[in-house]
Amino acid sequence: MTTEEAAPYDLESAVAVVGMSGRFPGAPDLDTYWANLRDGVCSVSAFTEKELLADGADPADLSNPAYVPAHGYLADADRFEAELFGFNRTEAAALDPQHRVLLESAWAALEDAGYAPLDAPSRTGVYVGGSPTEHSLAAATDPALAASIGALQVRILTDREFLAPWISYRLGLDGPSMTVQTACSTSLTAVHLAVQALLLGECDAALAGGVAVGSVRKQGYVHYQGGIFSPDGRCRPFDEKAAGTVPGSGVGVLVLRRLEDALADGDPVRAVIRGTAVTNDGAGKVGFTAPGVDQQTAAITEAWAAAGLEPSAAQYLEAHGTGTELGDRIELEAASAAFGSGGDIALGSVKSNIGHADAAAGAAALIKTILMLEHGTLAPTVDVTSPVTALQGSPLRLVTQARDWPGRMGLPRLAGVTSVGIGGTNVHVVVQEAPQRGAGASAAAEPTVLPLSARTDAQLALVAARLAARLREADAPSLADVAHTLRTGRVGMPVRAYVVAAVAREASDKLTALAEGHRDTARDPLGEAWLRGEEVTWPALDAGVRRVRLPAYPFAGESHGALTLGSPVARTTPDGPAAAPESELESRVAELVIEALDLDGRAGLERTYFEAGGDSLTAVHLAGRLRDELGIDVPIQLFLEPITLKDMTTRIVETKEHGAADGALDALLSEFEAES
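Note that the structure is a prediction, hence the values are computed from the model and not measured.

A.B. asks: Help me understand the sheet that holds strand β6 (residues 124–129), please; the structure alone is not making it clear to me.
C.D. replies: Through backbone hydrogen bonds, the strands of a sheet pair up, either in parallel or in antiparallel fashion. With mixed pairing, the 11 strands of this open sheet are ordered in space as β7-β6-β8-β10-β1-β11-β18-β17-β12-β13-β15. Each edge of the open sheet carries a strand with a single partner, namely β7 (177–179) and β15 (396–398). The average undirected angle you get between the axes of adjacent strands in this sheet is 25 degrees. In this sheet, strand β10 (residues 250–258) lies alongside strand β8 (residues 205–212) in antiparallel orientation, the contact comprising seven bridges. Paired with alanine 208 across the bridge in β10 is leucine 254. Its contacts with the sheet put helix α10 (residues 186–199) on β1 (15–23), β6, β8, β10, β11 (271–280), β17 (414–420) and β18 (425–433), and the angle it makes with β8 is roughly 170 degrees.

A.B. asks: Would you take a moment to explain empty space enclosed by the protein for this structure?
C.D. replies: Space left empty within the atom packing is revealed by a probe, the size of a water molecule, rolled over the atoms. Under the definition given, this model contains four cavities of 30 Å³ or more. Volume-wise, the largest cavity comes out at about 200 Å³. Along its surface, the largest cavity is lined by 16 residues, and Ser453, Val463, Leu486, Arg490 and Pro551 are the ones closest to its centre. When the residues that make up the lining of the largest cavity are grouped by side-chain class, the tally is 12 nonpolar, one polar and three charged. Quantified by volume, the second largest cavity comes out at close to 80 Å³. Around the second largest cavity, the lining residues are Asn88, Thr90, Glu91, Ala94, Ile149, Gln153, Leu157, Ala596, Thr618 and His621. With three residues, the top contributor of residues to the lining of the second largest cavity is helix α4 (residues 89–94). Looking at the lining of the second largest cavity residue by residue, the class counts come to four nonpolar, five polar and one charged.

A.B. asks: Sorry if this is basic, but what is going on with unusual backbone geometry here?
C.D. replies: Across the chain, the bulk of peptide bonds are trans and the bulk of non-glycine residues have phi less than zero. Its identity is not glycine, yet aspartate 76 carries a phi of approximately 60 degrees, on the positive side. Take aspartate 76: it is sitting in the loop between β4 (70–71) and β5 (79–80). A relative accessible area of 46% places aspartate 76 in the partly exposed class.

A.B. asks: For this particular structure, what's the right way to read the packing of helix α12 (residues 293–306) against helix α13 (residues 325–339)?
C.D. replies: When two helices pack together, their arrangement is captured by the angle between the axes and the distance separating the axes. Contact pair α12 / α13: the axes reach a minimum separation of 8 Å and the direction vectors enclose 40 degrees. When the axis of α12 is compared with that of α13, the two are oblique. Our pair here, α12 against α13, has a crossing hand that is right-handed. Within the contact between the two elements, α12 uses Val293, Gln296, Thr297, Ile300, Thr301 and Trp304 and α13 uses Ile330, Glu331, Glu333, Ala334, Ala335, Ala337, Ala338 and Phe339. Counted by class, the contact of α12 with α13 contains nine nonpolar, three polar and two charged residues.

A.B. asks: What should I look at first to understand the nonpolar core in this one?
C.D. replies: General note: in soluble globular proteins, nonpolar side chains tend to be found buried as a group. Formed by 81 residues in total, the largest nonpolar core has its most connected members in Phe87, Ile167, Leu207, Val269 and Leu452. With seven residues, helix α5 (residues 97–112) is the single largest residue contributor to this core. Ignoring anything within four residues of it in the chain, the contact list for leucine 207 reads Ala106, Leu110, Gly125, Val126, Tyr127, Ile167, Leu173, Val253, Leu254 and Val255. Judged by nonpolar contacts, the second largest core, of 46 residues, contains Leu188, Ala197, Ala346 and Leu378.

A.B. asks: Help me out: how do you make sense of the packing of α10 against helix α15 (residues 361–375) in this one?
C.D. replies: Taken N-terminus to C-terminus, the directions of α10 and α15 make an angle of 70 degrees; their axes are 5 Å apart at the nearest point. As summarised for this structure, α10 and α15 are arranged roughly perpendicular, according to the angle between their axes. Residues Ser187, Leu188 and Val191 of α10 lie in contact with α15, whose contacting residues are Ala361, Gly362, Ala363 and Leu366. Its residues placed into classes, the contact of α10 with α15 shows five nonpolar, two polar and no charged.

A.B. asks: Any chance you could explain the state of the cysteines here in plain terms?
C.D. replies: Two cysteines form a disulfide when their sulfur atoms are joined by a covalent bond. Applying the stated criterion across every chain yields a total of zero disulfides. Looking at cysteine 235, it has no disulfide partner, and the nearest cysteine sulfur is the one in cysteine 42, 8.8 Å off. With relative accessibility at 2%, the residue cysteine 235 sits in the buried group.

A.B. asks: Sorry if this is basic, but what is going on with the packing of aromatic side chains here?
C.D. replies: Each pair of aromatic rings is reported with the distance of its centres and the angle of its planes. Within this structure, the stated rule accounts for 13 aromatic pairs. Ring geometry for phenylalanine 80 and phenylalanine 87: centres 6.0 Å apart, planes at 55 degrees, overall tilted. Judged by centre distance (6.4 Å) and plane angle (25 degrees), the ring pair of phenylalanine 85 and phenylalanine 555 falls under stacked. Taken together, the residues span a long stretch of sequence, with phenylalanine 85 in the loop between β5 and α4 and phenylalanine 555 in the loop between α19 (525–531) and β21 (558–559) at a distance of 470 residues. Assessed through its relative accessible area of 3%, phenylalanine 85 is described here as buried. Residue classification places phenylalanine 555 among the partly exposed residues on the basis of a relative accessible area of 24%. One aromatic cluster is present, formed by Phe80, Phe85, Phe87, Trp107, Trp166, Tyr169, Tyr553 and Phe555 through successive ring pairs. Cation over ring: arginine 170 sits above phenylalanine 87, and NZ or CZ is 4.2 Å from the ring centre. Lying over the aromatic face of tryptophan 530, arginine 496 brings its terminal NZ or CZ to 3.9 Å of the ring centre.

A.B. asks: Hey, could you run me through the pairing of β1 in this one?
C.D. replies: The two faces of the sheet receive side chains in turn, since in a regular strand these alternate between them. Here β1 lies mainly inside the structure; nine of its nine residues are buried. Sheet topology note: the β1/β11 ladder contains three bridges and is antiparallel. Across the sheet, valine 15 pairs through a bridge with isoleucine 273, a residue of β11. Strand direction decides the pairing type here: β1 and β10, joined by eight bridges, are antiparallel. Residue pairing in the sheet places methionine 20 in a bridge with leucine 254 of β10.

A.B. asks: Is there a simple way to explain the side chain of serine 215 in this structure?
C.D. replies: Following the sequence through the fold, serine 215 ends up in the loop between β8 and β9 (221–222). A distance of 3.0 Å separates polar atoms of two side chains, one belonging to serine 215 and the other to glutamate 134. In this structure the side chain of serine 215 is engaged in a polar contact, spanning 3.0 Å, whose partner is the backbone nitrogen of arginine 217.

A.B. asks: For this particular structure, what's the right way to read the confidence of the model for the chain?
C.D. replies: Low pLDDT means the predicted atomic positions in that stretch should not be read closely. The predicted model of the chain averages 89 in pLDDT, with 91% of residues at 70 or higher. Taken together, the stretch residues 1–7 has pLDDT below 50 and engages in 12 contacts with residues farther than four places along the chain or on a different chain. Scored below 50 in pLDDT, residues 567–581 makes 20 contacts in the model with residues more than four places away or belonging to other chains.

A.B. asks: Looking at this model, I keep getting lost on the pattern of salt bridges. Mind explaining?
C.D. replies: A side chain with one charge can pair with a side chain of the opposite charge if their charged atoms come near. If you walk through the whole model with that rule in mind, you get 36 salt bridges. Here arginine 38 makes a salt bridge to aspartate 39, at a shortest N to O gap of 3.0 Å. A residue is classified by how much of its surface remains accessible, and arginine 38, at 36% relative accessible area, is partly exposed. Glutamate 595 serves as the salt-bridge partner of arginine 625, at 3.5 Å between the closest nitrogen and oxygen. Taken together, the residues arginine 625 in helix α21 (residues 616–630) and glutamate 595 in helix α20 (residues 584–597) connect sequence positions 30 residues apart.

A.B. asks: Even after reading the chapter, I still don't get α20, so can you show me in this structure?
C.D. replies: At 3.6 residues per turn, the α-helix brings residues three or four places apart onto the same side. The end-to-end C-alpha distance of α20 is 20 Å, a good match for the 20 Å that 14 residues give at a rise of 1.5 Å each. If you check which residues of α20 are buried, you get Glu586, Ser587, Val589, Ala590, Leu592, Val593, Ile594, Ala596 and Leu597. Taken from the residues just after α20, aspartate 598 is the one with a positive phi, measuring 55 degrees.

Rules of the game
Residues numbered from 1 in each chain as written. Predicted model: local features only at pLDDT ≥ 70, side-chain atom pairs only at ≥ 80, totals over all residues. Heavy atoms only, no water. Pairing = 2+ DSSP bridges. Helix = DSSP H or I, 4+ residues; strand = E, 2+ residues; numbered from the N terminus. Axes fitted to C-alpha atoms, helices over the stretch in contact; angles between N-to-C directions. Contact = heavy atoms within 4.5 Å. 1 Å grid on protein atoms, 1.4 Å probe; cavity = no way out; pocket = protein on both sides within 12 Å on 5 of 7 lines; lining within 4 Å. Points joined across faces, edges and corners; volume = space filled by probe spheres on them. Nonpolar A, V, L, I, M, F, W, Y, C, P; charged D, E, K, R; others polar. Buried < 20%, exposed > 50% of the residue type's maximum accessible area, 1.4 Å probe, protein only. Parallel < 35°, antiparallel > 145°, perpendicular 65-115°, else oblique. Left-handed = near helix turned anticlockwise from the far one by under 90°. Core = buried A, V, L, I, M, F, W, Y, C linked by side-chain atoms within 4.5 Å. Disulfide = S-S within 2.5 Å. Phe/Tyr/Trp six-rings, centres within 6.5 Å; stacked < 30°, edge-to-face > 60°. Lys NZ or Arg CZ within 6 Å of the ring centre and 35° of its normal. Polar contact = N/O pair within 3.5 Å; in protein donor to acceptor, adjacent residues only side chain to side chain. pLDDT = per-residue confidence, 0-100. Salt bridge = Lys/Arg side-chain N within 4 Å of Asp/Glu carboxyl O. Expected span 1.5 Å × (residues − 1).

Below, the structure written as structure tokens:
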């Protein structure tokens, strides 16, 4: 679609959602998430006593009659492909699991937008937030961990204030990088801030969203009479039987660009954000944790005013909808005041499906709404049998069964998404269906190379199989667009392959064969260069090629566990016996280097410091331990030299013998210790 065709969308104040990724209870990806939403699946897990005990539950807790063995559980949150992001095993084990899943989701969201995660648009900002976690609390109170890797490193790897900076650093994003915290409305506030930054020209693309992984363990909660948690492990928003919410985990990231830029650059626009607003209840409520009516209403009306639309233009409201009596009642009152007495606006809340994902709740709600817009389908709010009577006098109608989302003449589908945080921060976002995209590039007139890569053979087979399935779908993109996206929108990895095809069916067949271990017999000079790991300058494809959504990278990291309160930090033991050192001092130095870098015994000493995953912070910490434990003042620049770690240990011993020192080390260590 051209910019001229999109004129009704008010390009100057519209922001495009060009990519999304997410992992939610019962859904490792957004395709599964949508299928669960459409089919009315409740993905809140009910655990058996055996499962809970196996994950470390206290038997005394389970005997409490008020203990509810339910949670919106995020499977495999302990797994992380650490090497892809430049973390060694020691760092990965210390890194908070919600940092890990957020990093992978940021990568997948950029791929969904058709951008190589390590080659995103310049001036890409990051606006994300997270929740308190058991891992971070355990790390902060574990003196052994601080002694092992340093107090500052512990803080950097576990504190949620570093969620955004880690993404910016590991993906090379040089726009504003901000960790946002507004309690339950965190991720939708992050979207609001990202939208404002784009419209103000502070960045040209942005990642926005949030994460909540309070614990990787299977665990329930204790229900208190009058509290916010449900007595039966089910969340029933706007139902007469609603008695509370259910805690949940999740992660959601959206890639945003100004609509005009997205259309000009051929980005795959998934939805359009027309307006956003944030308010706070201030003192106008009965208590700090209670919601307020007036400023929730204001957030809605201000967002629709920013969109240049009347609230009555809405067809759907994705509510905060916690399923608490007070919260639902106030939200209905506020929404009814904002949307007016007329109209027939559908209403829903994703918390009935996945529980309350805390800092990720707003992202879960916005992604759900965008998926409904894309599919033209309204997903049901589940476990609701008796909608509250207050709905009868409002413009809102609770969706309890999946149904078509009707289009309308002269006006696109429009929805509002609300998120409310404890403390009073209310957010509302106006979201509109994407403009119709015109036909892609013409079919390839001659055989085209489709390059693929991954970190392992098994992952490469998955990449091929998933792409083959995508090319067999009715709405499959053109082969030229696929080739363009694979060549420019993916990071080249060590294990590589390619297929050569002229039409989608041929490509799909060859990709299926590749997934089964049969390489394409066709040969291409550039494809062969790709196999050798060379940087390939691909020839120009047909005019009009554009980025398209293709299956994202299949992460397959190992479990790095998580810290739990009251348990010791896991330690990695190098494999195999160590070779006899030349001296006791050299042996001790080698042990410190191996521990700091989490090496596989002395074999790892054949690599350089940076090849082994070292960085400046680890260098400072290691230098400090060498000084404090062995009395060796090591020049920091020694870690920067292109020598093996074995040679470095020899040099360190020589430093002790000759008394060399780095005069700046004490000041540098003092500065880092003061900051920690």
